[in-house]
Amino acid sequence: MKITDVKIFVVNPTAAEKFDGIGHLYRSGGVNYVVVKVLTDEGVYGVGEGTLYASELAVVSVLKNFRELLIGKDPNDIEDTWHFLHRSTYWRGGPIFKTAIAAIDIALWDIKGKLANMPVYQLLGGSCRKGVLVYRHADGRDLKEVTDNIRKWLEQGYKVIRAQMGGYGGSGNLKFEPAQREGLPDITYFEPSRYLIEVPKLFEHLRNELGMEVDLLHDVHEQLSPIEAAQLAKRLEPYRLFFLEDPVSPEQKDVLAFIRSQTTTPIAIGEIFCDREQILPLFVNRLIDYIRIAPLHVGGITEARKIMAIAEPFGVKSAFHGAADLGPISQAAAVHLQMSIHNFGVQEWTDFRSIQVFCDLFPTPCEVSGGYAYPNEKPGLGIDFNEELAERFPYSPVYMPQIRRIDGTVHGY
Ligand code: MG
């Protein structure tokens, strides 16, 4: 059996229409989803995804290079293909190469499932649970609006909710400046002091309104310094967070040992990590409780499965990245993998199935009900890609939000 072609697509359905649940990604130009179709000489094909928000065309360039290397190779040899592509770059690793490898890897698992006539999670060892627990995002301009939005998710059966007030940085966002040119991002000016005061007040309010039982989490999005992060994690401890996400930037990950010495608030980090060498110290030094990788950004199902196996003896669970900047094929890969691993925690969720254009472009996104997601029982990943329809939603440039401190110093998003 041989690979005969790798077709590469970029599709941006979110730029053309407005959707609930896509949030700021719609306002900033949408998401360019990178999709591959790996074709074979036996007619079976696999779909994969290589989306890397705001750097999509860099991944496309690598995929064009991979295409030439892959034609003629046996699609059955997933492990060999992973190492072959990884070594073929010479530079080995980083988000662009790992995302491109993931696109191919996910497609090859889809092919293998179709050949075996089994859903991918069965090939990975079968089911460890009845479904994949997911969490949704709730935001709002004030305490009441955040509380009301959490209640809406709870009424729909969701059990874990991320609570923000005023987006990332929240009340620390003191000023907004419109972009200099159409299409570029606005500038937000952030200072931590008010944010550090207001976030504990938010969770105090939420616990008073909702009780202690509902599982709530919060994403700092790397906005704080090490000592500020420790202060916040400690102040939030009485409100029993499911986890505090990205309290510091990945560059400051060693300081998590200090933060953990100050508080038992669970810590999740890792959504921009792509190499196992970055992640391993988090496990062996026992710095985190949840690892936020996505299979899409670490090299696919093959590598994410190994990373979670390494995490298992250290008691670290998965909390895979799954905002709308990752598409439905990536989501399906994550769901199949997390059905089959013992140390699953929670999956960040975008309900693509509730948006018609995603159902038409990607028949059929994973189903969610009662707060749990379920893999499709069809052979492979159970999802397809409508390449004819994709022509209606071409690439359009998107940029990351820009953040500065009030004195004009560049700050991280
Ligand atoms: Mg995050």
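Residues numbered from 1 in each chain as written. Predicted model: local features only at pLDDT ≥ 70, side-chain atom pairs only at ≥ 80, totals over all residues.

**Things to note about the pairing of strand β13 (residues 344-348)**
Thinking step 1. Extensive coverage of β13 is indicated by the burial of four of its five residues.
Thinking step 2. Two strands pair when backbone bridges link them, and strand β12 (residues 317-320) and β13 are joined in this way by three bridges, in the parallel orientation. Residue F320 lies in a different strand from β13, and its bridge partner there is Q347.
Thinking step 3. The handedness of the β12 to β13 crossover, carried by helix α13 (residues 328-340), is right-handed. (Buried ≥ 20, exposed ≤ 12 C-beta atoms within 10 Å, placed from the backbone. Helix = DSSP H or I, 4+ residues; strand = E, 2+ residues; numbered from the N terminus. Pairing = 2+ DSSP bridges. Right-handed = clockwise from strand over helix to strand, strands pointing away.)

**Let's talk about the nonpolar core**
Thinking step 1. Counting residues in each nonpolar core, the largest one holds 119 residues, and the members touching the most others are V38, I104, I161 and I288.
Thinking step 2. No other element matches helix α4 (residues 95-116), which puts 12 residues into this core.
Thinking step 3. Shared between two domains, this core takes at least three residues from each, and those domains are domain 1 (3-118) and domain 2 (122-381 + 400-411).
Thinking step 4. Look past the residues within four positions of V38 in its chain and what remains in contact with it is I3, V6, Y45, G46, G48, P75, I104, A107, L108 and I111. (Core = buried A, V, L, I, M, F, W, Y, C linked by C-beta atoms within 7 Å. Domains from an automatic or database assignment. Contact = placed C-beta atoms within 7 Å.)

**Quick look at helix α2 (residues 56-70)**
Working note: α-helix, 3.6 residues per turn, so residues spaced by three or four point in the same direction.
Thinking step 1. With 15 residues, α2 should cover 21 Å at 1.5 Å per step; its first-to-last C-alpha distance of 20 Å lies within 8% of that length.
Thinking step 2. Three or more residues of α2 are buried, namely E56, V59, V60, V62, L63, F66 and L70. Taken around the axis of α2, the buried residues stretch over an arc of 165 degrees, which confines them to a single face. Summarising the geometry of α2, the exposed residues directed more than 90 degrees from the buried face are S61, K64 and E68.
Thinking step 3. In this fold, the buried residues of α2 make contact with β1 (3-11), β2 (33-40), α3 (78-88) and α4. (Expected span 1.5 Å × (residues − 1). Arc of directions from axis to C-beta.)

**A closer look at the sheet that holds strand β17 (residues 410-411)**
Thinking step 1. Strand order in the open sheet formed by four strands is β6-β7-β16-β17, with mixed pairing between adjacent strands. The open sheet has two free edges, formed respectively by β6 (173-177) and β17, since each of these has just one partner strand.
Thinking step 2. The pairing of β6 with strand β7 (residues 187-190) spans four bridges and is antiparallel. Within β7, the position partnered with F176 by the bridge is T188.

**Brief notes about the environment of N76**
Thinking step 1. Secondary-structure assignment places N76 in the loop between α2 and α3.
Thinking step 2. On the neighbour-count criterion, N76 (13 C-beta atoms within 10 Å) is partly exposed.
Thinking step 3. Spatially, the C-alpha atoms of N76 and A102 are 16 Å apart, while their sequence positions differ by 26 residues.
Thinking step 4. Aside from chain neighbours lying at most four places away, what touches N76 is M1 and K112.

**Considering unusual backbone geometry**
Thinking step 1. In this structure, T364 follows P363 across a cis peptide bond, with omega equal to 5 degrees.
Thinking step 2. Structurally, T364 is set in the loop between α14 (356-361) and β14 (367-369).
Thinking step 3. One non-glycine residue, Y90, lies in the positive phi region at around 65 degrees.

**Structural notes on the sheet that holds β1**
Thinking step 1. Pairing in this open sheet of three strands is antiparallel, and the strands run β1-β2-β3 from one edge to the other. Pairing within the sheet leaves two strands with one partner each, and these edge strands are β1 and β3 (45-49). Sheet twist, expressed as the mean angle between neighbouring strand axes with direction ignored, is 20 degrees.
Thinking step 2. Packing of α2 onto the sheet brings it into contact with β1 and β2, and relative to β1 it is tilted by some 170 degrees.
Thinking step 3. Across the sheet, α4 lies against β2 and β3, angled at about 145 degrees from β3, the strand it touches most. (Axes fitted to C-alpha atoms, helices over the stretch in contact; angles between N-to-C directions.)

**Some details on the packing of helix α10 (residues 276-284) against helix α12 (residues 301-311)**
Thinking step 1. Where α10 meets α12, the axes come as close as 10 Å, and the angle between the chain directions of the two elements is 20 degrees. One way to sum up the angle between α10 and α12 is to call them roughly parallel. As for the relative orientation of α10 and α12, their crossing is right-handed in sense. The segment α10 lies against α12, with R276, I279, L280 and F283 engaging I307, I310 and A311.
Thinking step 2. When its residues are assigned to classes, the contact of α10 with α12 shows six nonpolar, no polar and one charged. (Parallel < 35°, antiparallel > 145°, perpendicular 65-115°, else oblique. Left-handed = near helix turned anticlockwise from the far one by under 90°. Nonpolar A, V, L, I, M, F, W, Y, C, P; charged D, E, K, R; others polar.)

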